[in-house]
Amino acid sequence: RPDLAPPTTSHSGFPFWRTTKRAITMADDLATSAFFQEGHTTVVTGASSGIGRAACVMCASRGMHVWMVDIDEEELGIALEMVQKVAKDVVVQKIEAVTADVSDLAAMEKLSDRVFADGGKCHFLFNNAGIGEGGGSLTSIDTFQHVVGVNTYGPIHGCLAFVPKMKESGEAGLIVNTGSKQGITMPPGNLTYNVSKAALKAYTEGLEHELRTERRESNGKLRAALLIPGWVNTSIFLKTERENAKAAGEEFDKDKVFFHEDKPASGAWMPSQVIDFLLEELDKGRFYVLCPDNDVSREVDKLRMDWTMHDIIEDRPPLSRWHPDYKDKFNEFIEGNKSKK
């Protein structure tokens, strides 16, 4: 079971994690049912495909009003039709598609004005839009700013535009930001992306700390969570390759992309599985929604994170997991600490 811990000390004798059957709840009175109710409203960015679209499908099927936000107008229109088909009552429910760039604060503020117009509310804000492009430490500043603009500032803009109004409404609300394991373990290969997700992790942790304080001291009704997907059959890589081909003036061949929603990899989860897992973890009061996949268990993910933190504690080289002098030690650590099945 993922909520039962294997050995509780690391290779150095330092506790690498301790879990209990019930996580320390963020707010006992803010269970998942407080947000995902018929007649409530959700706003989802990155809604044209993948995890965002799956979230819209889930919310619409529960009778919620759904605002679908994405920069890809064509795919957003296709997703809108899909979501409308699963709505509990398409006449009563408002299912809206809005083309917007999350890296533009003014666009997100304009969206929030529309959502809250005429007494509107927002009970679930899902800052999910993201891009996979990037590069190393010397990637161009334009690329770096674009990635951080979407992956980091996008969720921050969503929070700045919506959270004050969610507080003013006086209703229970949930903010979920989509992070990444790469923002925690920092694998080499796309430093720009790692930086964008690491910054988002820090922001979301701080946001929840502030909201938790408000819940304890002034009857606050908002909570935040960080979604940390595993390998998921989404279109983020496909869209990156498509944009790269367009920039190079080359023809794009979808079939050459390793995996995506229409060409799922066996080791990856489908987006709907991520949403199902998100709901399960929220019900347990979890802030860190660390998703496994068909390739890597949550136990192994936690061990990888433990090793990463001990680079600092034990004065190892950064990213020692990929350092030739530590490769065997890392593998021994994983195998030595995995629970025996």
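What you are looking at is a predicted structure, and each value in this text was computed from that prediction instead of being measured. (Residues numbered from 1 in each chain as written. Predicted model: local features only at pLDDT ≥ 70, side-chain atom pairs only at ≥ 80, totals over all residues. Heavy atoms only, no water.)

A. Geometry of the packing of helix 4 (residues 141–151) against helix 7 (residues 191–218). In the contact formed by helix 4 and helix 7, the axes pass within 9 Å of each other and the chain directions differ by 30°. Relative to helix 7, helix 4 is oriented roughly parallel. Like other packed secondary-structure pairs, helix 4 and helix 7 cross with a definite hand, here right-handed. Of helix 7, the residues touching helix 4 (which contributes Phe144, Val147, Val148 and Asn151) are Thr192, Tyr193, Val195, Ser196, Lys197 and Leu200. Its residues placed into classes, the contact of helix 4 with helix 7 shows six nonpolar, three polar and one charged. (Axes fitted to C-alpha atoms, helices over the stretch in contact; angles between N-to-C directions. Helix = DSSP H or I, 4+ residues; strand = E, 2+ residues; numbered from the N terminus. Parallel < 35°, antiparallel > 145°, perpendicular 65-115°, else oblique. Left-handed = near helix turned anticlockwise from the far one by under 90°. Contact = heavy atoms within 4.5 Å. Nonpolar A, V, L, I, M, F, W, Y, C, P; charged D, E, K, R; others polar.)

B. Just the sheet that holds strand 5 (residues 173–178), in detail. In spatial order, the strands read 3-2-1-4-5-6-7; together these seven strands make up an open sheet with parallel pairing. Among the strands making up the open sheet, the edge pair consists of strand 3 (95–99) and strand 7 (288–290). Strand-to-strand twist in this sheet, taken as the mean axis angle between neighbours without regard to direction, amounts to 15°. The pairing of strand 1 (residues 41–45) with strand 2 (residues 65–70) spans five bridges and is parallel. When the sheet's bridge partners are listed, valine 44 is paired in strand 2 with methionine 68. Contacting strand 5, strand 6 (222–228) and strand 7, helix 7 runs over the sheet at an angle of about 155° to strand 6. (Pairing = 2+ DSSP bridges.)

C. Inspection of the pairing of strand 6 at higher detail. Burial within strand 6 is extensive, with seven of its seven residues counted as buried. Here strand 6 shows two buried faces, one formed by Leu222, Ala224, Leu226 and Ile228 and the other by Arg223, Ala225 and Leu227. Pairing of strand 6 with strand 7, which is carried by three bridges, proceeds in the parallel orientation. Its bridge partner being in strand 7, leucine 226 is matched across the sheet by tyrosine 288. (Buried < 20%, exposed > 50% of the residue type's maximum accessible area, 1.4 Å probe, protein only.)

D. Region of the structure containing a nonpolar patch on the surface. A surface patch of nonpolar side chains, amounting to about 310 Å² of accessible area, comprises Val90, Val91 and Val92. Mapped onto the elements, valine 90 comes out in the loop between helix 2 (73–86) and strand 3. (Patch = residues over 30% accessible without salt bridge, like charges linked within 9 Å, V, L, I, M, F, W, Y side chains within 5 Å. Areas by Shrake-Rupley, 256 points an atom, 1.4 Å probe, with all protein chains shown as cover. Salt bridge = Lys/Arg side-chain N within 4 Å of Asp/Glu carboxyl O.)

E. Just the environment of proline 292, in detail. Considering the arrangement of structural elements, one finds proline 292 in the loop between strand 7 and helix 10 (298–313). Apart from the residues lying within four places of it in its own chain, the contact partners of proline 292 are Lys181, Gly230, Trp269, Phe277, Ser297 and Arg298.

F. The arrangement of the pattern of salt bridges in detail. Following the criterion strictly, the structure yields 13 salt bridges and no others. Across the salt bridge formed by aspartate 113 and lysine 165, the nearest N and O atoms sit 2.5 Å from each other. Residue aspartate 113 is located in helix 3 (residues 105–116), and its partner lysine 165 is located in helix 5 (residues 153–169); the two are separated by 52 residues in the primary sequence. Overall, the relative accessible area of 47% leaves aspartate 113 in the partly exposed class. Residue lysine 165 is classed as partly exposed on the basis of its relative accessible area, which comes to 22%. Arginine 286 is paired through a salt bridge with glutamate 281; the nearest N and O atoms lie 2.6 Å apart. When its relative accessible area of 0% is taken as the criterion, glutamate 281 is described as buried. Members of the salt-bridge network, linked through shared partners, are Glu281, Lys284, Arg286 and Arg298.

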